[in-house]
Structure formats: structure tokens, C-alpha cells
Amino acid sequence: MLRAGSLTERVSILVPIVERDKFNYQNAVYVNQKTVWANITYQKGAQALTAGEVWMTKSVSVMMRNNDIVNDRCRLGWDGKTYRIESFNRSKADGSIAIVASVIDETNDVEEVG
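Bear in mind the structure is a predicted one, so any value in this text is a computation, not a measurement.

Calculation notes
Residues numbered from 1 in each chain as written. Predicted model: local features only at pLDDT ≥ 70, side-chain atom pairs only at ≥ 80, totals over all residues. Heavy atoms only, no water. Pairing = 2+ DSSP bridges. Helix = DSSP H or I, 4+ residues; strand = E, 2+ residues; numbered from the N terminus. Core = buried A, V, L, I, M, F, W, Y, C linked by side-chain atoms within 4.5 Å. Buried < 20%, exposed > 50% of the residue type's maximum accessible area, 1.4 Å probe, protein only. Contact = heavy atoms within 4.5 Å. Phe/Tyr/Trp six-rings, centres within 6.5 Å; stacked < 30°, edge-to-face > 60°.

Student: Which parts of the structure should I look at to understand the pairing of strand β7 (residues 81–91)?
Tutor: If a strand is regular, its side chains alternate between the two faces of the sheet. As judged from the 4 bridges shared by strand β6 (residues 75–78) and β7, these two strands associate in the antiparallel manner. Bridge assignment links Arg75 to a residue of β7, and that residue is Arg84. With antiparallel pairing between neighbouring strands as the criterion, β6 and β7 make up a hairpin whose turn holds 2 residues, including Asp79 at a positive phi of roughly 55°.

Student: What is the right way to look at the nonpolar core in this model?
Tutor: In a soluble, globular protein the nonpolar side chains are often hidden away together inside. Grouped together as the largest cluster of nonpolar side chains are 21 residues, with contacts concentrated most on Val62, Met64, Leu76 and Ile99. Of all elements in the fold, only β1 (9–20), β2 (26–42), β5 (59–65), β6, β7 and β8 (96–105) reach the threshold of two or more residues within this core. Examining the composition of this core, we find that 5 residues originate from one element, β2, more than from any other. Among all residues touching Met64, those that are not within four sequence positions of it are Leu2, Leu7, Ile13, Val36, Trp37, Ala38, Val70, Leu76, Gly95, Ser96, Ile97 and Ile99.

Student: Sorry, what's going on with the packing of aromatic side chains here?
Tutor: Given two aromatic rings, one states the distance between the centres and the angle between the planes to describe the pair. Counting across every chain of the model gives 2 aromatic pairs. Consider the rings of Tyr42 and Trp78, whose centres lie 6.0 Å apart with planes at 55°: the pair is tilted. Residue Tyr42 is located in strand β2, and its partner Trp78 is located in strand β6; the two are separated by 36 residues in the primary sequence. The exposure class of Trp78 is buried, given its relative accessible area of 11%. Ring geometry for Trp78 against Tyr83: centres 6.2 Å apart, planes inclined by 45°, an arrangement best described as tilted.

Any functional reading would require information beyond the geometric quantities listed.
This is the structure we're talking about:
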């Protein structure tokens, strides 16, 4: 639920642009479509089991105003990191989007669109 003054972080919504090379290989490049105000909360205690190893995932909960840009193929940029959207839920009652996202890299190499 959105509350006055709760959206305190700037989050970039990154949309995929799919290009094909001369060998018809598909390459997705994520570009910054829009930067919005959001509320970010770290998810605690998230663990994943990969190849027999337990490790902590870097997952966040994001709350922002509803918009037509965000979908399950988008990525989010925040705090110098890029996040993959794991799930999202639009609320028509208060006009918000609740997103759960996990970090996919430690760098942010996103192309800026004029």
C-alpha cells in the first residue's frame, strides 16, 4: 500500500530491445526507459541451493506507482545494480505495483536513451 512520503528511492525501469546479428543470433540489450520513485525493502533470509551449495540471494521488494511500462521481461536498476523481476502484482485499489526482484550482477552496464 502506498503512503505519503514512502517512495524515497529512484529506480530505473529497463526495457529489453531485441536485436539480431548477421547469424540471426538474438541479443537483448536493456535500455533505461524511465526513472521512477519507489520504496525498496531488502528481503531477509532468502536462500538458494545451487549445485549443492547454499548461498544468500540478494532479493528486494519494490513498491512503485502503477505504470504501463513494467512487465515480466523488464529489469530494474537501483544502487548501481541490475535486478531481474521475479514477480509483480498490480493493485487497482491503490494504484501501486509490488515487485520482488533479485540482483543479477554487481555492475550496471545499461545504455542511456536520450
